[in-house]
Amino acid sequence: MRCARIYETGARSVMVSGLRLLLTLLSSGRIPVAPRSLLDNRPLQEFLDRELRLEGIREAIEKGALRGVVVTTSGYTTASAYSFYQGVAGIVPWTRARRKGVAAELSVPHLLASAALPLIFPAQRLGFEFHGDGGMRMVAPLSPAIHLGASRLLVIATRDERPDPEPQAPAIYPSLGEVGGYLLDTIFMDTLNADLNRLRRINHTLSLLAPARRGDTPLRRIDTLVIRPSRDLREVTQRHVEDIPRAVRMLLRTLGGWGRDWRMASYLLFEAPYCRELMDLGYVDAMARRDQLKGFLQGDASDSVSDQSGT
């Protein structure tokens, strides 16, 4: 794995995007040359087209090894979250406020749309609408799995829950890159925590009902095990940032996304040593809770929501 397999890393490609953005700003928008995104992720499309065998989803469903798969995107025109799912017969499409479930044969464009970080990677056209990263509009990230029939959820988070320290001196005004990294963190972290709290409240409410009354509500108990990294992944990022291609490092410095908390850099770092360290950390954290994981997957969950750091 390397960055060049995900997006164009050459100086020419990065500079062209930057120059187009600059020309658009200098012309007050009268010269319509603005880039669709800061980075071009056509290498990712080529990689997925070449390596991913999506017909395996249908084969696994037909063999009974898989109930369903769901990929969530955000529609830029309708301002709604779309959960495109491929699964067994009988799953009913759903519609909620600003989110809906749509049956579909999953394809590479669905994956590219779901991974289209706002401003960083280009949106993808699905049907008549352009779609971007699903986290932007998905306020209930646990919901699609529950609609597909899940009764237990194993959630693997990407942020430890230790609070950042309070500043001991007046902070420097945040750069565009820092604000962008903060927004991405908000998209991917806050909605998950809010949905876990909502699930916990529903489970508690159901526990207060007499068994005979629980059938009067469509709500059902969902057991959830959450694993969070035992280390701050921004610290891991900092040790590997020099592996980011030079042209992309220059772009991050220009945007002010280099240094400080390394949030923005973490979303663009795909080099093998970094990926390997994340994988090793995930393995260590899972082994530290091996017995709890085995019991949960076997249906022996003793707590409705178990949420701890990896170690």
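Everything numeric here is computed off the predicted structure, so don't read it as measured data. (Residues numbered from 1 in each chain as written. Predicted model: local features only at pLDDT ≥ 70, side-chain atom pairs only at ≥ 80, totals over all residues. Heavy atoms only, no water.)

Below, the discussion takes up the pairing of strand E8 (residues 223-228). Extensive coverage of E8 is indicated by the burial of 6 of its 6 residues. Residues Asp223, Leu225 and Ile227 line one face of E8 and the alternating positions Thr224, Val226 and Arg228 line the opposite face, and both faces are buried. The sheet contact formed by strand E7 (residues 152-156) and E8 spans 5 bridges and is parallel. Along E8, the bridge assignment pairs Val155 with Val226. As for the winding sense of the linkage, the β-α-β connection from E7 through helix H6 (residues 176-208) to E8 is right-handed. (Buried < 20%, exposed > 50% of the residue type's maximum accessible area, 1.4 Å probe, protein only. Helix = DSSP H or I, 4+ residues; strand = E, 2+ residues; numbered from the N terminus. Pairing = 2+ DSSP bridges. Right-handed = clockwise from strand over helix to strand, strands pointing away.)

Before going further, it helps to spend a moment on the packing of helix H7 (residues 233-240) against helix H10 (residues 272-288). Running from amino to carboxyl end, H7 crosses H10 at an angle of 150 degrees, the nearest separation of the two axes being 10 Å. Relative to H10, the element H7 is oriented roughly antiparallel. Helix-helix and strand crossings are classified by hand; for H7 and H10 the assignment is right-handed. Between H7 and H10, the contacting residues are Leu233, Val236, Thr237, Arg239 and His240 on the first element and Pro273, Tyr274, Glu277, Leu278 and Leu281 on the second. A breakdown of the residues in the contact of H7 with H10 according to their chemical character gives 6 nonpolar, 2 polar and 2 charged. (Axes fitted to C-alpha atoms, helices over the stretch in contact; angles between N-to-C directions. Parallel < 35°, antiparallel > 145°, perpendicular 65-115°, else oblique. Left-handed = near helix turned anticlockwise from the far one by under 90°. Contact = heavy atoms within 4.5 Å. Nonpolar A, V, L, I, M, F, W, Y, C, P; charged D, E, K, R; others polar.)

Counting 43 residues, the largest nonpolar core has Tyr7, Leu39, Ile120, Phe121 and Leu268 as its most contacted members. Here this core gets 4 residues from one element, more than from any other, and that element is helix H8 (residues 246-255). Every residue in contact with Phe121, bar those within four places of it in the chain, is listed here: Ile6, Tyr7, Ser37, Leu39, Asn41, Ala115, Ala116 and Leu268. Counting residues in each nonpolar core, the second largest holds 10 residues, with Leu142, Val155, Ala157 and Ile222 among its members. (Core = buried A, V, L, I, M, F, W, Y, C linked by side-chain atoms within 4.5 Å.)

If you check the backbone angles, Ala79 has positive phi at about 55 degrees while not being a glycine. Relative to the assigned elements, Ala79 resides in the loop between strand E1 (68-75) and strand E2 (80-87). Residue Ala79 is classed as buried on the basis of its relative accessible area of 17%. With a phi close to 60 degrees, Arg98 is a non-glycine residue in the positive phi region.

Buried residues of helix H11 (residues 290-297): Leu293, Gly295 and Phe296, and no others. End-on view of H11: buried residues confined to an arc of 165 degrees, all on one side of the axis. For H11, the exposed residues lying more than 90 degrees away from the buried face are Asp291 and Leu297. Summarising the contacts, the buried residues of H11 are in contact with E7, E8 and H10. Phi turns positive, to about 90 degrees, at Gly299, one or two residues after H11. (Arc of directions from axis to C-beta.)

Next up on the list: the pattern of salt bridges. If you walk through the whole model with that rule in mind, you get 11 salt bridges. Its salt-bridge partner being Arg213, residue Asp216 comes within 2.8 Å of it at the nearest N-O pair. Pair check on accessibility: Asp216 and Arg213 agree, each one exposed. Asp232 serves as the salt-bridge partner of Arg234, at 2.8 Å between the closest nitrogen and oxygen. Classification of Asp232 by relative accessible area gives buried; the value is 11%. When salt bridges with common partners are traced through the structure, they connect Arg53, Glu55 and Glu59 into a single cluster. (Salt bridge = Lys/Arg side-chain N within 4 Å of Asp/Glu carboxyl O.)

A cluster of nonpolar side chains, namely Met15, Leu19 and Leu22, defines an oily patch on the protein surface of about 300 Å² accessible area. For Leu22, the position within the fold is in helix H1 (residues 11-26). Residue Leu22 is classed as partly exposed on the basis of its relative accessible area of 43%. (Patch = residues over 30% accessible without salt bridge, like charges linked within 9 Å, V, L, I, M, F, W, Y side chains within 5 Å. Areas by Shrake-Rupley, 256 points an atom, 1.4 Å probe, with all protein chains shown as cover.)

So, on to the environment of Ile57. Here Ile57 shows up in helix H3 (residues 55-62). When the C-alpha positions of Ile57 and Gly127 are compared, they lie 21 Å apart, and in sequence the two are 70 residues distant. Contact partners of Ile57, with chain neighbours within four places excluded, come to Leu66, Val69, Gln86 and Leu106.

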